[in-house]
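Residue-level listing of the chains:
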Amino acid sequence: MQLEDYLKAGRIAAEVREMVRGRDWTGRTAYELCEEVETEIRRRGALCAFPVNASINEVAAHYTAEPGDQTVIGESDLVKVDLGAHVNGHIADTAVTVCYDPVYDGLVQAAEEALAAAMSIARPGTKAREIGRAIETSVKGRGFKPIVNLSGHSLDRYTIHAGKTIPNVWSIGGFSLSEGSAYACEPFVTTGKGGGFVRNGKTRNIFAIRTRKRTKDAEADRMLDVIWERYNMLPFARRWLLDQWDEGEAGRLLDILVSKKAVQAYPVLLEAEGERVAQAEHTFIPAGDGATVTTRA
Ligand code: MN
Ligand code: MN
């Protein structure tokens with residue numbers, strides 16, 4: 001049943017997120033972090049809705065480890081660990097920022113507080129822009145800036161960004177939350193010196209199918225079939241294909257699929273002024289006079 005699946009995915013995602021929060025990741029590689037978190041999601045009986053993101057410092061989002069990624073998490077790094085679990089395509093999307101340098105506690109807390117403020121007003125009929133206002137007011141009240149061009153989103157079966165946007169600032173227009181629909185809310189916060197928006201970086205290591213059109217390369221077509229069979233339209237990483245192809249071949253075939261526009265490659269998103277970014281995220285379903293936060297700890 002749909003709600004049961006959402007709740008199960010949410011419970012698993014929350015458990016894994018709290019495991020991430022409670023551990024010391026300094027000295028570990030991004031590769032170890034992503035692989036261990038993904039293993040925990042599967043071990044608990046869900047599938048990964050997307051590759052675990054381990055976006056460090058000014059990288060706001062969309063970095064996942066490459067095969068054998070040697071990026072080491074340092075003592076002053078701010079790591080946004082964004083993870084997704086799904087049960088029969090019903091997704092829980094949640095994130096935590098880990099940092100062991102007290103200098104950045106305020107930034108991390110600002111993201112958590114903004115998320116709590118947003119969740120406290122979420123109910124059927126709440127306007128998405130009112131959620132944006134709550135986030136913006138909370139973040140600015142602490143002297144920080146929300147990232148204006150990153151936002152929460154509606155969720156649908158096997159679809160992470162299902163078309164509706166939950167902004168991190170007040171904005172004109174928008175929609176009202178529907179009873180029983182699933183949404184993710186995800187404030188991103190940067191310092192007062194930050195630009196308060198993100199731009200695309202060069203690195204692209206998260207992918208998803210765009211269309212299942214053929215490429216005239218038999219092996220690339222076979223890869224597309226494997227991706228579809230395993231991940232549907234959900235995002236995936238190069239790491240996830242290495243049981244079938246070696247690293248070089250996986251890269252070559254993926255390049256073909258991207259150049260033929262069968263697969264899209266998502267760029268990492270960088271804070272415009274290179275300032276550090278913190279994030280917090282929950283998945284929630286408006287119900288009654290409030291909302292069921294499926295990823296609540
Ligand atoms: Mn997320
Ligand atoms: Mn999200």
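Heads up: these notes are all about the structure in this document.

Let's shift gears to the coordination of the manganese ion (ligand 1). Within the protein, the manganese ion (ligand 1) binds to Asp 82 (OD), Asp 82 (OD), Asp 93 (OD) and Glu 281 (OE); these donor distances fall in the range 2.1 to 2.4 Å. Distance-wise, the manganese ion (ligand 2) is placed 3.2 Å from the manganese ion (ligand 1), both being coordinated by Asp 93. With Asp 82 in strand 3 (residues 79-87) and Asp 93 in strand 4 (residues 90-98), this pair connects stretches of sequence that are 11 residues apart. Exposure remark for Asp 93: the relative accessible area of 3% places this residue in the buried category.

Another aspect to go through is the pairing of strand 8 (residues 182-185). Burial of the side chains of strand 8 extends over both faces: Ala 182 and Ala 184 are buried on one face and Tyr 183 and Cys 185 on the other. The pairing of strand 6 (residues 152-155) with strand 8 spans three bridges and is classified as antiparallel. Considered in strand 8, the bridge of Leu 155 is made with Ala 182. Sheet analysis places strand 8 next to strand 13 (residues 282-287), joined by three bridges and oriented antiparallel. Looking across to strand 13, one finds that Ala 184 is bridged to Thr 283.

A few words now on the sheet that holds strand 10 (residues 198-209). With respect to topology, three strands assemble into an open sheet ordered 2-11-10, the strand pairing being antiparallel. Of all strands in the sheet, those bounded by a partner on one side alone are strand 2 (59-61) and strand 10. Here the average twist between neighbouring strands, direction ignored, is 40°. Where strand 10 and strand 11 (residues 263-271) come together, eight bridges link them in antiparallel fashion. Bridging from a neighbouring strand, Ala 208 pairs with Gln 264 of strand 11.

On the protein side, the manganese ion (ligand 2) has Asp 93 (OD), His 153 (NE2), Glu 186 (OE) and Glu 281 (OE) as donor atoms, found 2.1 to 2.2 Å from it. One chain supplies every donor to the manganese ion (ligand 2), and in sequence these donors are spaced D-x59-H-x32-E-x94-E.

Turning our eyes to something else, we now look at the packing of helix 3 (residues 105-121) against helix 4 (residues 128-141). For the pair helix 3 and helix 4, the least separation of the axes is 8 Å and the interaxial angle reads 145°. Along this stretch, helix 3 crosses helix 4, giving a crossing that reads as right-handed. Side by side, helix 3 and helix 4 meet where Ala 110, Glu 113, Ala 114, Ala 117, Ala 118 and Ile 121 of the first sit next to Glu 130, Ile 131, Ala 134, Ile 135, Ser 138 and Val 139 of the second. Classifying every residue of the contact of helix 3 with helix 4 by side-chain character gives nine nonpolar, one polar and two charged.

Okay, the side chain of Asn 168 next. Position of Asn 168 relative to the elements: it lies in the loop between strand 7 (165-166) and strand 8. Within the structure, the side chain of Asn 168 is placed 2.8 Å from the backbone oxygen of Leu 150, a separation counted as a polar contact. A polar contact of 3.1 Å, which involves the side chain of Asn 168, links it to the backbone oxygen of Glu 186. Leave out the neighbours within four places in its chain, and Asn 168 touches Gly 132, Ile 135, Glu 136, Pro 146, Ile 147, Leu 150, Ser 151, Glu 186, Pro 187 and Phe 188.

This part is about the nonpolar core. Membership of the largest hydrophobic core comes to 48 residues, with the highest contact counts inside it found for Val 20, Val 37, Val 81, Leu 83, Met 223 and Phe 236. Three or more residues apiece are contributed to this core by two domains, here domain 1 (2-199 + 270-293) and domain 2 (206-268). Leu 78, Leu 107, Ala 122 and Ile 166 belong to the second-largest nonpolar core, a separate cluster that totals 27 residues.

Before going further, it helps to spend a moment on a positive patch on the surface. Taken together, the side chains of Arg 210, Lys 213, Lys 216, Lys 260 and Lys 261 define a basic patch exposed on the protein surface. Looking at the element boundaries, Arg 210 is found in the loop between strand 10 and helix 5 (218-231). By relative accessible area, Arg 210 is classed as partly exposed at 42%.

We now examine the side chain of Glu 271. Within the secondary structure, Glu 271 sits in strand 11. The buried charged residue Glu 271 lacks any salt bridge partner; its closest oppositely charged side chain belongs to Lys 145, at an N-O distance of 7.1 Å. A polar contact of 2.8 Å, which involves the side chain of Glu 271, links it to the backbone nitrogen of Gly 195. The residues touching Glu 271, leaving out its near neighbours within four places in the chain, are Glu 58, Ile 147, Thr 190, Gly 194, Gly 195, Gly 196, Phe 197, Val 198 and Val 277.

Now for the environment of Arg 21. Here Arg 21 lies in helix 1 (residues 2-22). Between the C-alpha atom of Arg 21 and that of Thr 97, which follows or precedes it by 76 residues, the distance is 7.7 Å. Each residue touching Arg 21, except ones within four places of it in the same chain, is listed here: Val 96, Val 98 and Glu 112. Of the polar contacts made by the side chain of Arg 21, one reaches the side chain of Glu 112; its length is 3.2 Å.

Reading the values: the criteria
Residues numbered from 1 in each chain as written. Chains lettered and ligands numbered in written order. Predicted model: local features only at pLDDT ≥ 70, side-chain atom pairs only at ≥ 80, totals over all residues. Heavy atoms only, no water. Donors = N, O, S within 2.8 Å, 3.2 Å for Na, K, Ca; no water. Helix = DSSP H or I, 4+ residues; strand = E, 2+ residues; numbered from the N terminus. Buried < 20%, exposed > 50% of the residue type's maximum accessible area, 1.4 Å probe, protein only. Pairing = 2+ DSSP bridges. Axes fitted to C-alpha atoms, helices over the stretch in contact; angles between N-to-C directions. Left-handed = near helix turned anticlockwise from the far one by under 90°. Contact = heavy atoms within 4.5 Å. Nonpolar A, V, L, I, M, F, W, Y, C, P; charged D, E, K, R; others polar. Polar contact = N/O pair within 3.5 Å; in protein donor to acceptor, adjacent residues only side chain to side chain. Core = buried A, V, L, I, M, F, W, Y, C linked by side-chain atoms within 4.5 Å. Domains from an automatic or database assignment. Patch = residues over 30% accessible without salt bridge, like charges linked within 9 Å, V, L, I, M, F, W, Y side chains within 5 Å. Areas by Shrake-Rupley, 256 points an atom, 1.4 Å probe, with all protein chains shown as cover. Salt bridge = Lys/Arg side-chain N within 4 Å of Asp/Glu carboxyl O. Lys, Arg positive; Asp, Glu negative; His and termini not counted. Charge placed at Lys NZ, Arg CZ, Asp CG, Glu CD.

Read these as layout, nothing more, since geometry by itself doesn't imply function.
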